[in-house]
Amino acid sequence: HADAILAMNSSIGHIFPQWQHKMHLLPSVGMEAVAQPLPQQQQHFIVLSAGRFVPLKGFDLGIRAFSTFYHRLSERERARCCYVLVGRGPERARLQALAASLGLEQAVRFIPWMERSELSALYARAQVFLFPSHEGAGMVVAEALAHGLPVLCLDNYGPGEFVTDECGLKVACISPQVCAAALGMQLEKLYRQPALRQQLAQGARRRFETHFDWQQKGKILRNIYAQVLGERPEAEIPHEQIIA
C-alpha cells in the first residue's frame, strides 16, 4: 500500500517487478561534506581499501588484483606503489598469508581501524579506492567519493550502479580469476594515465555532491514526498527511479 518505495539498488525492482513503477533508487549510504584536498604532487601510487576483513568484502580479490598490477611493473615502479588495507576482522591472517604467497610483503600494508581524521588524511594521500566487495552498498565508497577519490569496483548491484564512468571504473563479475586480472589491468590504466585519474577525481567529488551528501539526499527525499503528494518539488534534484 506504499505510495513510494526507496530501493538501495535496482535488484529490488527485479524481486518485486509489480511495484517497479513506484520505486526510487536511493542508496542507503551517505556522507557529510568534507573539505576538498588541495592538488598535490604525488611521489607514490597508493591504492586504498577499507572495511571489515570478512569474505563478503572481497579483499582476497583486491590483493590478487594488486598482484596482477604490481608484477607488471619495473623494479623502479614497484618502489612507488603500495596497497593499503584499513580494517580488522577474522580474515586478516589469511589475507596476510595470501599477500606473502604472492610476493607482496613489501607492497601490501595492513592498518587497524584508525581515528576518522587519520582515515580522512589517508583518503587524501591515496590515488585510487579499490572496492572489490560483493555487497549491495558500501559506506566507504561514499567516503571515497566525498574525498574526491576515483573508485574501482565490480560491476554489480550497489556500487556498480552508483559508481559511474564519471567517477570510477568497473569490471564485470565473471569469475575470481577473470575479475582479479581485469581489476589489475584497470589499476595499471589508472597508474599510467594521471590525467584520467584527475578527471575521475573531479567527477568523484561531483558525484558525491549530487547523490551522496546527506544534505542532498534529504532534498531528494523531500522531492519524493512532494511527488507523492502532488506538490511542486523544491528544485530539480537528480535521482533515479526504477523503471520496468
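Peer 1: Give a description of the pattern of salt bridges that names residues and reports values.
Peer 2: For the structure shown, the criterion picks out ten salt bridges. Across the salt bridge formed by Glu209 and Arg205, the nearest N and O atoms sit 3.1 Å from each other. Residue Glu209 and its partner Arg205 are located together in helix H9 (residues 194-212), separated by four residues, close to a single helical turn. The class of Glu209 is partly exposed, set by a relative accessible area of 37%. Using a relative accessible area of 9% as the deciding quantity, one classes Arg205 as buried. A cluster of three or more residues bridged by salt bridges with shared partners is formed by Arg72, Glu77, Glu188 and Arg192.

Peer 1: How would you sum up the sheet that holds strand E8 (residues 168-171)? Please name residues and give values.
Peer 2: With respect to topology, six strands assemble into an open sheet ordered E5-E4-E3-E6-E7-E8, the strand pairing being parallel. Here the strands that pair on one side only, and so sit at the sheet edges, are strand E5 (108-111) and E8. Neighbouring strand axes in the sheet, compared pairwise and without regard to direction, differ in orientation by 20 degrees on average. Where strand E3 (residues 45-50) meets strand E6 (residues 128-131), two bridges bridge the pair, whose relative direction is parallel. The residue of E6 that forms the bridge with Val47 is Val128. Across the sheet, helix H2 (residues 59-70) touches E3, strand E4 (81-86), E5, E6 and strand E7 (151-154), and the angle it forms with E4 is around 175 degrees. Sheet contacts for helix H8 (residues 176-192): E3, E4, E6, E7 and E8; angle to E8, the most-contacted strand, approximately 155 degrees.

Analysis parameters
Residue numbers run consecutively from 1 along every chain, following the written order of its sequence. Only residues with pLDDT of 70 or above have their local features reported here, since the model is predicted, and side-chain atom pairs are shown and tallied only from 80 upward, although totals for entire chains, interfaces and linings are computed over all residues. By convention in this description, side-chain values take in all heavy atoms of the structure and omit both hydrogens and water. Salt-bridge detection follows one rule: a side-chain nitrogen of Lys or Arg within 4 Å of a carboxyl oxygen of Asp or Glu. Starting at the N terminus, helices and strands are each numbered in turn, a helix being any DSSP run of H or I of at least four residues and a strand any DSSP run of E of at least two. Only protein chains enter the calculation, and the probe is 1.4 Å; a residue is then buried if its accessible area is under 20% of its type maximum, exposed if over 50%, and partly exposed in between. Two strands qualify as a pair provided DSSP detects at least 2 bridges between them. Think of each axis as a best-fit line through the C-alpha atoms, taken over the contacting stretch in the case of a helix, with angles from 0 to 180 degrees between the N-to-C directions. It only takes one pair of heavy atoms within 4.5 Å for two residues to be counted as in contact.

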